[in-house]
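# Structural overview for review
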Amino acid sequence: MTEPRDLVNHYHRVVDCQYACPAHTPVPEYIRLIAQGRHTDSYMLNWESNVFPGILGRVCDRPCEPACRRGRLQEEPVAICRLKRVASDFKEDISERLPDIPTQKNGKHIALIGAGPASLTVARDLLPLGYDITIFDDLSQAGGMIRSQIPRFRLPSEVIDEEVGYIIDRGGVTCHLNHRVDSLKQVLAQDFDAVLIGTGAPRGRDLNIPGRNDADEHIHIGVEWLANVAFKHVESIGEKVVVLGGGNTAMDCCRTARRIGGKEVIVTVRSPFATMKASPWEIEDAQHEGIPILDNHVPKRFHTDNGRLTAIEFELVRAEYDSNGKRRLIPTGEDNVVIECTDVLIAVGQENSFPWIERDIGIQFNDWDMPEVDPVTYRTSHERVFVAGDAAFGPENIITAVAQAHQAAISIDLLCRGLSLTEKRPPPDYTLVSQKMGVHEWSYQNSVANDERYKVPLIATDKALADLGTEVELGYDIELALREASRCLSCDVQTVFYEARCIECDACIDVCPTNCLTITHFDREQGSEDELRQRLVGPSKNTEQPLYISADLNTGRVMIKDEDVCVHCGLCAERCPTAAWDMQKLLYKEAQVTACHK
Amino acid sequence: MSYIITNFRHPLSPTNKLGFTRKDYEGALSTLCAGCGHDSISSAIISACFEMSIEPHRVAKLSGIGCSSKTPTYFLGNSHGFNSVHGRMPSITTGANLANRDLTYIGVSGDGDSASIGLGQFAHVARRNLNMLYIVENNGCYGLTKGQNSATTDLDSVNKSGVSNTFEPIDLANLALQLGATFVARSFSGDKQQLVPLMKAAMSHRGFAFIDVISPCVTFNNNPGSKKSYDFVREHQEATSSIDFVPMEKEITTQYDPGTTQEVTLHDGSVIHLHKAIEGFNVHDRRSALRAIKDHQERGEVLTGLLYVDTDPVDLHDVINTTHKPLSSLTESSLCPGSGMLKSINDSLR
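Computed from a predicted structure; not experimentally measured.

### What about the overall build of chain A?
On a plain count of helices and strands, chain A comes out with 22 helices and 24 strands. Here the C-alpha atoms of chain A give a radius of gyration of 26 Å, agreeing with the 25 Å that 2.2 N^0.38 yields for 598 residues. The principal-axis extent of the C-alpha atoms belonging to chain A is close to 85 × 65 × 50 Å. Counting every position in chain A, which comprises 598 residues, the buried fraction comes to 48%.

Have a look at this one:
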């Protein structure tokens, strides 16, 4: 229920994609900039928020897309992620737009352990303020899992080099690569003002079933194997490959194997196909390359012949759910399936591991052997040690790491300036501006395109499979990008209501194509939202979407708007004789460390 | 300005008995002034036809000239339509109805179209009890020509320039009652809870069903002192009773306290429930309606709701004993029954 002080939060929730994005990137605004041909502006808006637009435009987990309002209108979401890539592909030189890195340092030294997205984001945020940054990483290049775990056919090196370069090549950063940190105590002893742990979740889970140790040479841990391929330590694999696991790493493994020698590559999953953890589009990409996915296959033993892997045996199961919704895999009783193979890739999950953190230096560990991390400040129980990214709360994704790192950077800055990490955190920044240009004229595109989602063009499969480094997706061209961009419903352009102007003529209710609006009586003290939803003009079944409830109108009734399926067409505001409705653009920006210095 | 409405509708939009959604009853996007009461009336017509599961192609919508008469473009886009000459909608509807009695006829007119240039036509169509729903979208001014006072502008109502009206108004509901209309109601564009069931009942009524709908003109007649503004009507509206309409084929499930509710059964079996009627009012008595209108008028109130209904009306087709089939469905054999029939007719006259 809406109270004035909550209005901005209410409006923020209405921008489904931005709200779902961990970093709250202003999605509709950057899509609008693409539609206007302002690719560089769009890129910079992204860069400010998510640091890696070119990378994320290819490999983001896209929590925004399942949230897209089009999904609730029984349609495919806007291709938000791939539009981000468009901004990156078509931008001009941005070097002049990057913030200056002062040569006069502020005297504070920060250590970042791991050179992945979390550490790089903290570096990006702190460098313009004059911090001196030292990065440690055990790989030979910066980028972390972006570089080691994501295959080049999804993310070319140049894109990583460019966006990592914007951070580490502009001064203020000392990189110690090929440098594995074995002791946090030693790092702390070097007198850094703060230390960030951004080491990700580097350890792939193993599968200890009979035969595992007999055939070690041809059984590989997925993430390690991907890193070895990325750094060219491994350049081939046998012809028959079985990939165990149903997550995104499994999808990367099978597609990589297909390119470096695997002729018959099969993915097997313990669970039913529908509950696979991999993103639907990654599953689709693997299937597109002719890779079968066998579900309900539980690996039972490795078959070996004189220390050579020959096959892997599976038990067939079906999933059953108890009354609590807990899943059990019940054997079907059919004969076990034996699949011949030369190599097996195990991609059944990742773990954090902190053998290098001494347990006696003031960092508390929890029951899962992870450091205790404050979910707001990202500080551990050690005053100067922070954690962000997968190392903080377990494996998530790049965009979550970036979002957490922005918060960690704020904390580090507050710490270095001797301020409270909780009380002095800056609030999010927002503007809410009317889009009215004249009578019935808006400065946003209010006519809603009914087009279906445009497919991203791909390179021919035979060409894609011929080379590990050939990017599969060609990306949208300008024309397609323009069409896809026009599918955006502009959910950031809010319907803002002014009670005092309303004459209760019902014009907005009558014209609303999706029946969002109702004028009715509602008792704020006694009334329940559930009961209210029964009385609205349109069906109001989606309780996850908020109701806007106005203050009292002249007749004592209130204006209710169910935000669920509003298409932001602006017809309510156009048909309003008194401008009680206005279309106002919310530009909401999550707080970053620079906000502390304004 | 947006001249196009998006194709998106609520994904859970209900369907009616025919499998249609409300969208199937919509028309083009309105070009009337924003906030015009007429748009609410269009919306009420859409709701009524959708909820009654009337096949859109079995409706004919007819109008004359004026803001009101533009509105048929904005509803029932899949129905038959005829935009006639100023004030002549009743003649056209009469002709259409005599040719095809099977359609549902909705005539939409305004206070200028019905109470000034078309007053004669209005009188005769009411008197003949033509089977139709006749809606007057009554805003008490000539909105299309910059808001001059009309024949229904109330005495002492102040117009936008601050001038009071000095002429007695024509009360069309009162007139319809006196002319013998068999279903008479008054409503307000801002009260769909009342307007939609009234329209449904009117379309189920076999005979001339008249609804005078007060429909504020936001541009020229929504100022303080106006007696047809949103605020004035809301403050001064009193209903004869609240109304529910239950179509013939639907089982009546709601139970009402017998002391407070009156059931009116129409000839087709549909039932109108009237709750909490005003003291001494009888919906079957013309004089009762006329008295109630006058009493409220004297108190400065606007009486709305169902004013009068004749549940056993004799419509124009009954009176002039027309064929029961639409003319277009008559075959050559029934139109030219042959010399044998001619002979028998001639013989009967000898």
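### Examining the overall build of chain B
When helices and strands are counted, chain B shows 12 helices and 13 strands. Since a compact globule built from 350 residues should have a radius of gyration of about 20 Å, the 21 Å found for chain B is in line with a globular shape. With the C-alpha coordinates aligned to their principal axes, the bounding extent of chain B is approximately 75 × 50 × 45 Å. Per-residue burial for chain B yields a buried fraction of 48% across its 350 residues. Look at the contacts in chain B between residues 6 or more apart in sequence, and 72% of them connect residues 24 or more apart.

### Here's the deal with the nonpolar core
Buried together is how nonpolar side chains tend to be arranged in soluble globular proteins. Residues Val122(A), Leu126(A), Leu196(A), Ala388(A), Val184(B) and Met199(B) are the most contacted members of the largest nonpolar core, which totals 214 residues. The biggest single contributor to this core is helix 17 (residues 398-416) of chain A, with 12 residues. Among the domains, domain 1 (1-18 + 428-598) and domain 2 (98-202 + 352-416) of chain A are the pair contributing at least three residues each to this core. Setting aside its immediate chain neighbours within four residues, Val184(B) contacts Ala173(B), Ala176(B), Leu177(B), Phe210(B), Ala289(B), Leu307(B) and Tyr308(B). Of all hydrophobic cores here, the second largest spans 38 residues; its members include Val229(A), Ile237(A), Val269(A) and Val344(A).

### A few points about helix 4 (residues 39-50) of chain A
All names here are of chain A. Compared with the 16 Å implied by 1.5 Å per residue over 12 residues, the 16 Å span of helix 4 between its first and last C-alpha is a close match. For helix 4, the complete set of buried residues consists of His39, Ser42, Tyr43, Leu45, Asn46, Trp47, Ser49 and Asn50. Against the buried residues of helix 4 lie helix 3 (27-35), helix 5 (53-59), helix 8 (80-90) and helix 17. Val51 sits one or two positions beyond helix 4 and adopts a positive phi of about 70°.

### Structural notes on the sheet that holds strand 14 (residues 343-346) of chain A
Hydrogen bonding along the main chain pairs the strands of a sheet, whether they run parallel or antiparallel. All names here are of chain A. Strand order in this open sheet of five strands is 6-14-7-8-9, and the pairing throughout is parallel. Each edge of the open sheet carries a strand with a single partner, namely strand 6 (219-221) and strand 9 (293-294). Alignment of strand 7 (residues 240-244) against strand 14, held across four bridges, turns out to be parallel. Paired with Leu244 across the strands is Ile346, a residue of strand 14.

### Topic: the pairing of strand 13 (residues 302-309) of chain B
Residue and element names in this part refer to chain B. Counting buried residues along strand 13, eight of its eight residues qualify, which places the element largely inside the surrounding structure. Sheet analysis places strand 7 (residues 183-188) next to strand 13, joined by four bridges and oriented antiparallel. Looking at strand 13, one finds that Ala185 is bridged to Leu306. Bridge count for strand 9 (residues 237-239) against strand 13 is three bridges, and the pairing is parallel. Bridge pairing in strand 13 places Gln237 opposite Val302.

### A look at the domain arrangement of chain A
Taken domain by domain, chain A comprises domain 1 (1-18 + 428-598), domain 2 (98-202 + 352-416) and domain 3 (204-349). Relative placement of domain 1 of chain A and domain 3 of chain A: their C-alpha centres are 43 Å apart.

### Considering helix 9 (residues 117-126) of chain A
Within helix 9 of chain A, 10 of the 10 residues are buried, which leaves the element mostly enclosed by the surrounding structure. Among all positions in helix 9 of chain A, only Pro117(A), Ala118(A), Ser119(A), Leu120(A), Thr121(A), Val122(A), Ala123(A), Arg124(A), Asp125(A) and Leu126(A) are buried.

### Some thoughts on the interface of chain A and chain B
The interface is formed by 29 residues belonging to chain A together with 22 residues belonging to chain B. The set of elements that each furnish at least two residues to the side of chain A that touches chain B consists of helix 20 (507-511) and helix 22 (571-575) of chain A. For the side of chain A that touches chain B, the residue count by class is 13 nonpolar, nine polar and seven charged.

### Quick notes on the packing of helix 1 (residues 37-51) of chain B against helix 7 (residues 192-204) of chain B
All names here are of chain B. Helix 7 packs onto helix 1 with a crossing angle of 55° between their chain directions and a minimal axis gap of 9 Å. By the criterion of interaxial angle, the relationship of helix 1 to helix 7 is oblique. Judged by the sense of rotation from one axis to the other, the crossing of helix 1 with helix 7 is right-handed. Facing helix 1, whose interface residues are Ser40, Ala44, Ile45, Ser47, Ala48 and Glu51, helix 7 presents Lys192, Leu195, Val196, Met199, Lys200 and Met203. In the contact of helix 1 with helix 7, the residues fall into seven nonpolar, two polar and three charged.

### Here's the deal with the environment of Val158(B)
Residues and elements named next belong to chain B. Summarising the element assignment, Val158 is placed in the loop between strand 6 (148-149) and helix 6 (172-179). With 18 C-beta atoms packed within 10 Å, Val158 lands in the partly exposed category. Spatially, the C-alpha atom of Val158 lies 17 Å from that of Val302, the residues being 144 residues apart in sequence. Setting aside residues no more than four positions away along its own chain, Val158 makes contact with Val163, Ser164, Asn223, Gly225 and Ser226.

### Some remarks on the sheet that holds strand 3 (residues 104-110) of chain B
Residue and element names in this part refer to chain B. Spatial strand order, 2-1-3-4-8-7-13-9: eight strands in an open sheet with mixed pairing. On the outer flanks of this sheet lie strand 2 (80-83) and strand 9, each paired with one strand and no other. Strand-to-strand twist of the sheet, defined as the mean angle between neighbouring strand axes without regard to direction, takes the value 20°. Looking at chain direction, strand 1 (residues 59-63) and strand 3 are connected through five bridges and run parallel. From the neighbouring strand, Ala60 faces strand 3, where its bridge partner is Tyr105. Against the sheet, helix 1 engages strand 1, strand 3, strand 4 (132-138) and strand 8 (208-214), with an angle of about 155° to strand 4. The strands that helix 6 touches are strand 4, strand 7, strand 8 and strand 13; relative to strand 7, the one it contacts most, it runs at about 175°.

### A closer look at the packing of helix 9 of chain A against helix 17 of chain A
All names here are of chain A. Running from N to C, helix 9 and helix 17 cross one another at 45°; their axes reach a closest spacing of 8 Å. As the angle between them shows, helix 9 and helix 17 are arranged oblique. Remark: the crossing between helix 9 and helix 17 carries right-handed chirality. Residues Pro117, Ala118, Thr121, Val122, Asp125 and Leu126 of helix 9 touch helix 17, and the partners they reach there are Ile398, Ala401, Val402, Gln404, Ala405, His406, Ala408, Ala409, Ile412 and Asp413. Class assignment for the residues of the contact of helix 9 with helix 17 results in 11 nonpolar, three polar and two charged.

How each quantity is defined
- Residues numbered from 1 in each chain as written.
- Chains lettered and ligands numbered in written order.
- Predicted model: local features only at pLDDT ≥ 70, side-chain atom pairs only at ≥ 80, totals over all residues.
- Helix = DSSP H or I, 4+ residues; strand = E, 2+ residues; numbered from the N terminus.
- Rg over C-alpha atoms; globule rule 2.2 N^0.38 Å.
- Buried ≥ 20, exposed ≤ 12 C-beta atoms within 10 Å, placed from the backbone.
- Contact = placed C-beta atoms within 7 Å.
- Core = buried A, V, L, I, M, F, W, Y, C linked by C-beta atoms within 7 Å.
- Domains from an automatic or database assignment.
- Expected span 1.5 Å × (residues − 1).
- Pairing = 2+ DSSP bridges.
- Nonpolar A, V, L, I, M, F, W, Y, C, P; charged D, E, K, R; others polar.
- Axes fitted to C-alpha atoms, helices over the stretch in contact; angles between N-to-C directions.
- Parallel < 35°, antiparallel > 145°, perpendicular 65-115°, else oblique.
- Left-handed = near helix turned anticlockwise from the far one by under 90°.

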